[in-house]
Amino acid sequence: MNMQDSAVVTAALRPNTGLVWLESPSNPLMKVVDIAEVARKAHAAGAMVLVDNTFCTPVLQRPLDLGADIVLHSTTKYFGGHSDVQSGALILRKHHELHEELDRTRRIMGAVASPFNSWLVLRGIRSLPCRMERHSANGLALANALAANPAIRDVYYPGLTSHAGHAIAKRQMKSFGGMMSIRMKGGRDAALQAASRVKLFLNATSLGGVESLIEHRASSEGPGSTTPDDLLRLSVGLEHPDDLIADLMQALG
Ligand SMILES: *Cc1c(COP(=O)(O)O)cnc(C)c1O
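Here the residue numbering is sequential within each chain, running from 1 through the sequence in written order. A pLDDT threshold of at least 70 governs which residues receive local features in this predicted model, and a stricter bar of 80 or more applies before side-chain atom pairs are shown or counted, although totals over entire chains, interfaces and linings include all residues. Side-chain measures were taken over the full set of non-hydrogen atoms in the model, leaving aside hydrogen atoms and water.

## Describing the overall build of the chain
Thinking step 1. Secondary structure follows DSSP: runs of H or I at least 4 residues long count as helices, runs of E at least 2 residues long count as strands, and numbering of each begins at the N terminus. A tally of helices and strands in the chain yields 10 helices and 9 strands.
Thinking step 2. Here the C-alpha atoms of the chain give a radius of gyration of 19 Å, agreeing with the 18 Å that 2.2 N^0.38 yields for 253 residues.
Thinking step 3. Expressed along its principal axes, the backbone C-alpha trace of the chain runs to roughly 55 × 45 × 35 Å.
Thinking step 4. By the burial criterion, 49% of the 253 residues in the chain qualify as buried.
Thinking step 5. We call two residues in contact whenever any of their non-hydrogen atoms come within 4.5 Å of each other. Counted over contacts in the chain with a minimum sequence separation of 6, partners at least 24 positions apart contribute 65%.
Thinking step 6. For the accessible areas, the method is Shrake-Rupley and the probe is 1.4 Å, while residue cover comes only from the protein chains on display. Carbon together with sulfur atoms contributes 55% to the accessible area of the chain, which is approximately 12500 Å² in total.
Thinking step 7. In this charge count, Lys and Arg are treated as positive and Asp and Glu as negative; neither His nor the chain ends contribute. The atom standing in for a charge is NZ when the residue is Lys, CZ when it is Arg, CG when it is Asp and CD when it is Glu. For the chain, the separation between the mean place of its 26 positive charges and that of its 24 negative charges on side chains is 2 Å. The globule rule used for comparison is 2.2 Å times the number of residues to the exponent 0.38, while the radius of gyration itself is calculated over C-alpha atoms. Relative accessibility decides the category of a residue: with a 1.4 Å probe and only protein chains considered, values under 20% of the type maximum give buried, values over 50% give exposed, and everything between is partly exposed.

## With respect to the layout of surface pockets
Empty space among the atoms can be located by rolling a probe the size of a water molecule over them.
Thinking step 1. For each structure, a 1 Å grid was placed over the protein atoms alone; sets of points admitting a 1.4 Å probe that cannot get out are labelled cavities, open sets with protein on both sides within 12 Å along at least five of seven lines are labelled pockets, and lining residues have an atom within 4 Å of a point. Grid points are joined across faces, edges and corners, and a volume is the space filled by probe spheres set on the points. In this structure, the largest pocket occupies an estimated 640 Å³ of space.
Thinking step 2. Surrounding the largest pocket, 25 residues form its lining, Gly-88, Ala-89, Leu-90, Arg-106 and Ala-111 being those nearest its centre.
Thinking step 3. Of all the elements in the fold, those that place two or more residues in the lining of the largest pocket are β3 (70-74), β4 (88-92), α4 (99-109) and α5 (115-126).
Thinking step 4. Three residue categories are used. Nonpolar comprises Ala, Val, Leu, Ile, Met, Phe, Trp, Tyr, Cys and Pro, charged comprises Asp, Glu, Lys and Arg, and polar comprises the others, including Gly. Residues that form the lining of the largest pocket fall into these classes: 13 nonpolar, 10 polar and 2 charged.
Thinking step 5. Around the second largest pocket sit 15 residues that line it, and Met-1, Ser-26, Asn-27, Leu-29 and Lys-31 are the ones nearest its centre.

## Details of the site of the ligand
Thinking step 1. Surrounding the ligand, one finds Glu-23, Asp-52, Thr-54, Phe-55, Ser-74, Thr-76, Lys-77, Ser-87 and Leu-207.
Thinking step 2. N or O atoms within 3.5 Å of each other form a polar contact, as long as, within protein, one can give a hydrogen and the other can take it, and as long as residues adjacent in sequence are counted only when both atoms are side-chain atoms. For the ligand, a nitrogen atom lies 2.7 Å from a polar atom in the side chain of Asp-52.
Thinking step 3. At 2.6 Å from an oxygen atom of the ligand is found a side-chain nitrogen or oxygen belonging to Thr-76. Proximity is defined per residue: if any heavy atom of the residue lies within 4 Å of a molecule or strand, that residue is considered near it.

## Overview of the nonpolar core
Thinking step 1. By nonpolar core we mean a set of buried residues, namely Ala, Val, Leu, Ile, Met, Phe, Trp, Tyr and Cys, connected to one another through side-chain atoms within 4.5 Å. Formed by 43 residues in total, the largest nonpolar core has its most connected members in Leu-142, Leu-146, Val-155, Met-180, Phe-201, Leu-234 and Leu-248.
Thinking step 2. Within the residue set of this core, elements represented by two or more residues are α5, α6 (128-147), β5 (152-156), β6 (179-184), α8 (187-197), β9 (231-235) and α10 (241-252).
Thinking step 3. The dominant element in this core, judged by the number of residues it contributes, is α6, at 5 residues.
Thinking step 4. Domain extents, as shown, originate in an automatic or database domain assignment. Structurally, this core is a two-domain feature, drawing no fewer than three residues from each of domain 1 (6-125) and domain 2 (128-252).
Thinking step 5. With near-sequence residues (within four places) excluded, Leu-234 lies in contact with Leu-142, Leu-146, Gly-178, Met-179, Met-180, Phe-201, Leu-213, Ile-214 and Leu-248.
Thinking step 6. In this structure, Val-9, Val-38, Ala-42 and Ala-47 belong to the second largest nonpolar core, which totals 14 residues.

## Examining the sheet that holds β4
Thinking step 1. Any two strands are treated as partners once DSSP identifies two or more bridges connecting them. Pairing is mixed in the open sheet, where 4 strands are placed in the order β1-β2-β3-β4. The open sheet is flanked by β1 (19-23) and β4, the only strands paired with a single partner. Taking the axes of each pair of neighbouring strands and ignoring which way they run, one obtains an average angle of 20° across the sheet.
Thinking step 2. Relative to β4, β3 runs antiparallel, the two sharing 5 bridges. Within β4, the position partnered with Ile-70 by the bridge is Leu-92.
Thinking step 3. Between N-to-C directions, angles span 0 to 180 degrees; the directions come from axes that are lines fitted to C-alpha atoms, helices contributing only their stretch in contact. Together, β1 and β2 (48-52) form the strand contacts of helix α2 (residues 35-44), whose direction differs from that of β2 by roughly 150°.

## Focus: α2
Thinking step 1. The set of residues buried in α2 consists of Ile-35, Val-38, Ala-39 and Ala-42. Axial view of α2: buried residues confined to an arc of 100°, hence all on one face. Opposite the buried face of α2, at more than 90 degrees from it, the exposed residues are Arg-40 and Ala-44.
Thinking step 2. Against α1 (6-12), β1, β2 and α7 (166-172) lie the buried residues of α2.
Thinking step 3. With a side-chain oxygen positioned 3.4 Å from the backbone nitrogen of Ala-36, the residue opening α2 is Asp-34.
Thinking step 4. Gly-46 lies just past α2 and shows a positive phi near 80°. Read the arc as the range of directions from the helix axis to the C-beta atoms.

If you want it as structure tokens, here you go:
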């Protein structure tokens, strides 16, 4: 659903709608949803709002403050930060009606992080604000460089003033993070070729680690993927921005 358009959200709400689930920026098209606006509409219709905040972390975006009821994080990504842990978290406001039920379900069903995984995530959190600052600075530098490259049709990064959701992103995000997607003028072949030419970026499917990753999303998603086949998703890491820019520029030819 195009949740950028709040009229579409309103039209989709039914009397029995219990939960509106959203991502902003979205994966992998980086569409920006006005979280406060969707929360107002959902609440007016008696539905709760969950925001998948994995791309932003609470350092960049705080959905509970914008009116969301539940925040979801894959802590596998930026929280861990080193591509060596799998875990997740749900965050609710204190005394939220769902808290007790979710806590009980977790205990009974056993979806509890192991001590070692918990230790890795806690260790990652200590450097999270510093890392997010650098991911964002690198992301913006790279997005600006890519936007000027003639082989590229589009750069989807909410920090670019040309991005359709930039004004909302600027309001609800502290900075714009390390995730972006690019679309190649030369289509699928050009995208695959660029991904195969990188030397510093790694071809891999996860995100949020210290190392930069590039991924041809449609291939990872497989048959039935709705992702354009000229699209590459980038998780911009903590390397020197000049090295990241130089690597992509040589890969784009
Ligand atoms: C990776 C990811 C998930 C799934 O998390 P896992 O830890 O891999 O189970 C959910 N949402 C977003 C936005 C993600 O990037």
